[in-house]
Amino acid sequence: MASLAVSTLQTFLTLVPNVLMPRSLFGISRNDDDEALASNSLEEVLEKVVFDTRNDTDSLTTRCYGIYGCFSIDQPYFSMARPINVFPLPVQSIMPKFCLYTRDYPDMCQRLHVMDPKSIAVSHFRFGKDVKILTHGYLEHGDKRWLKKMVQEYLAYDDHNVIVLDWLSGSGPPYTQTVANIRLIGSIVGRFILDLRDFFGVSPARVHIIGHSLGAHLAGYTGEYLKTQDAKLGRITGLGMASPVGHFDFYPNGGVKMPGCGQHFIDSVAMEQGNIPYGLRRFIGCNHIRSYEYFTESINSACPFLSIRCASWEAYWKGFCWQCGDDWAKCARMGAHADSYLNYTVPGSVNMKMYLITGPESPFCTFHHRISVIMSYTKEARYHGGDIGVFYVSLFGERGIAHRRQLNMEEIFFEPGNVYTFMIGTIDLGEIKWALLEWTYVTALYNPLTWRLLSQPSVYVNRIIIDSIEMQQSRYEFCGLDQAFRSGTRRKLEPQEACPEQARPPGASILGTIINFDVGDTINNNIDAVNSGLNSLGNGQLLNNLASSANQVARELMDGARRRIGKDPMKWWMKKKQIRKSWRDKRWVEGK
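Reading guide: rules and limits
Residues numbered from 1 in each chain as written. Predicted model: local features only at pLDDT ≥ 70, side-chain atom pairs only at ≥ 80, totals over all residues. Heavy atoms only, no water. Pairing = 2+ DSSP bridges. Helix = DSSP H or I, 4+ residues; strand = E, 2+ residues; numbered from the N terminus. Axes fitted to C-alpha atoms, helices over the stretch in contact; angles between N-to-C directions. Contact = heavy atoms within 4.5 Å. Phe/Tyr/Trp six-rings, centres within 6.5 Å; stacked < 30°, edge-to-face > 60°. Buried < 20%, exposed > 50% of the residue type's maximum accessible area, 1.4 Å probe, protein only. Parallel < 35°, antiparallel > 145°, perpendicular 65-115°, else oblique. Left-handed = near helix turned anticlockwise from the far one by under 90°. Nonpolar A, V, L, I, M, F, W, Y, C, P; charged D, E, K, R; others polar.

Undergrad: Would you mind going over the sheet that holds strand 8 (residues 235-239) in detail, with residue names and values included?
TA: Reading across the sheet, the 6 strands line up as 4-3-6-5-7-8 and stay open at both edges, with mixed pairing between neighbours. In this open sheet, the two strands that pair with only one neighbour each are strand 4 (110-112) and strand 8. Ignoring which end each strand starts from, the neighbouring axes of this sheet average 25 degrees apart. In this structure, strand 7 (residues 207-212) lies alongside strand 8, joined through 5 bridges in parallel fashion. Among the inter-strand pairings, Gly211 is bridged to a residue of strand 8, identified as Gly238. Helix 6 (residues 145-157) rests against strand 3 (97-101), strand 5 (131-135), strand 6 (161-166), strand 7 and strand 8 of the sheet, and its axis sits at about 165 degrees to strand 5.

Undergrad: Tell me about the packing of aromatic side chains, residues and numbers included.
TA: The tally for this structure, following the rule as stated, stands at 20 aromatic pairs. With 4.9 Å between their ring centres and 20 degrees between their planes, Phe127 and Phe200 make a pair best called stacked. Of this pair, Phe127 sits in the loop between helix 5 (117-121) and strand 5 while Phe200 sits in helix 7 (residues 175-200), and the two are 73 residues apart along the sequence. Judged by relative accessible area, which is 21%, Phe200 ranks as partly exposed. A ring pair is formed by Phe414 and Tyr420, whose centres lie 4.9 Å apart and whose planes are at 75 degrees; its orientation type is edge-to-face.

Undergrad: Which residues make up the pairing of strand 17 (residues 419-426), and what values go with them?
TA: Strand 17 sits mainly inside the fold: 7 of its 8 residues count as buried. Where strand 13 (residues 367-375) meets strand 17, 8 bridges bridge the pair, whose relative direction is antiparallel. Within strand 17, the residue paired with His369 across the bridge is Ile424.

Undergrad: Tell me about the pairing of strand 5, residues and numbers included.
TA: Among the 5 residues in strand 5, 5 count as buried, and that is most of the element. Residues of strand 5 alternate between two faces, with Val131, Ile133 and Thr135 on one and Lys132 and Leu134 on the opposite face, all of them buried. In this sheet, strand 6 lies alongside strand 5 in parallel orientation, the contact comprising 5 bridges. Opposite Val131, over in strand 6, you have Asn161 as the bridge partner. Pairing of strand 5 with strand 7, which is carried by 5 bridges, proceeds in the parallel orientation.

Undergrad: Which residues make up the packing of helix 7 against helix 8 (residues 214-228), and what values do they have?
TA: Where helix 7 contacts helix 8, the axes come no closer than 7 Å and their chain directions differ by 45 degrees. In this view, helix 7 runs oblique relative to helix 8, as classed from their interaxial angle. Both helix 7 and helix 8 take part in a crossing whose hand is right-handed. In the contact of helix 7 with helix 8, the residues fall into 12 nonpolar, 6 polar and 2 charged.

What follows is the structure, given as structure tokens:
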């Protein structure tokens, strides 16, 4: 390979004037051009420029790799969070492969090489088109099926230059070595992008790198290298990153557990067409895999993957963040078209947290609706009081049906007169015609304030209001007629001209505040805090395992307790006024 590259470079240098390809780039002075090209010394020059692995160190903590720069293992790369740090392997050991795919050759890899402009010149590279560089993560390679699918989606979308970066030779264990390797590989990719600029006039601003997992961090190192060369990369998309640091940070479904994950192993293998290794990977890493599945679908999807800026996932699913604004300045599309907000502006700062909901299976994109459940404030509703439970809704539109979506992820104490909002995702329903609302009573053994004995649990609903987010002006009101919803009751709600007026929300009572205090979430949040603290002490496997095990055990105990509670409810609690009335009646009878 080296001899072929030398021959190619020798030929190219004899044909290209010095003004287009400065010989100084290869360590050759202008006066020495003829002598260098006439001798075999060019092979030595190429080795020095492209595969330089000499240890030109400024100190024991720095190692240089020729044109790719010098790398330190001192701070900030050495810290309590990264106590084990090593140098990247030699260039020739981890030189990545660049495979170009175009519409002319959508299924054939056209190999491109760093510092070998002829390999680019003789390919079907389209110099007036954008460049998409796709790359994998740890323990992977450039021949993965998901990469091939992403290539085809991009070529179907536009006449792009799609390059798959394969760094298999540097992605193997141990993990600490791979983390070091991507720093050098990122610089090599940066040098390749400069080749496109220097030899063919392709601006780095037209290059978009999409990296999964460690491949995302690799893309970041490419951007850093280009900055040292007074160049700026057009865009980086990091998929499945542990610590996102972009202008937009997207958290589908909260960013932790994705719908459709957590299936049985057999189901995972079936999804991978019977491939057991791939099925095992999906079974273990389903949530991680979803990131590139969402991105691939977003390239050509008519569904926009609309996200909304919000302070937290809890605030989002509770419907507190639901408006894009008159100029659409609070919403952005997740995925391939996340260049800006929907008003084509880019945030001035980083870490804009964006949230959205996806479906459990492909197609994953959903259309979002904010559901407002308005409780009745009639005399009967106030006398009965509130109850704890879960609402479900089915929506029936002109284009389809969204079956039984759970509104509140956790049980809530619903009080008369109050308004409760939730966000859900559905298929494209078009105009919504009517809704089917269902309420289920849920008790909690550890909270006696939720128990009922002398009356039947129920809630009273005045109406529901549905705001369709993708269609900002679409609002639907379906009347509940202030009717009682007993546990398991399902009622059809439709538009009603004579729907009873909505009462002014009285606000949460002290009782409601106490009941809606989530003990489980509080415990889990404390567990997460301890977990984070242990991880901050270092990245040793023992600490990680201890933290993860403690976290998992505690969560399983909480889940088990909730399941047992659901199977054996104690329903003997009464409202405060009812208890007082009962005691007054008893005392009156005894006194009489």
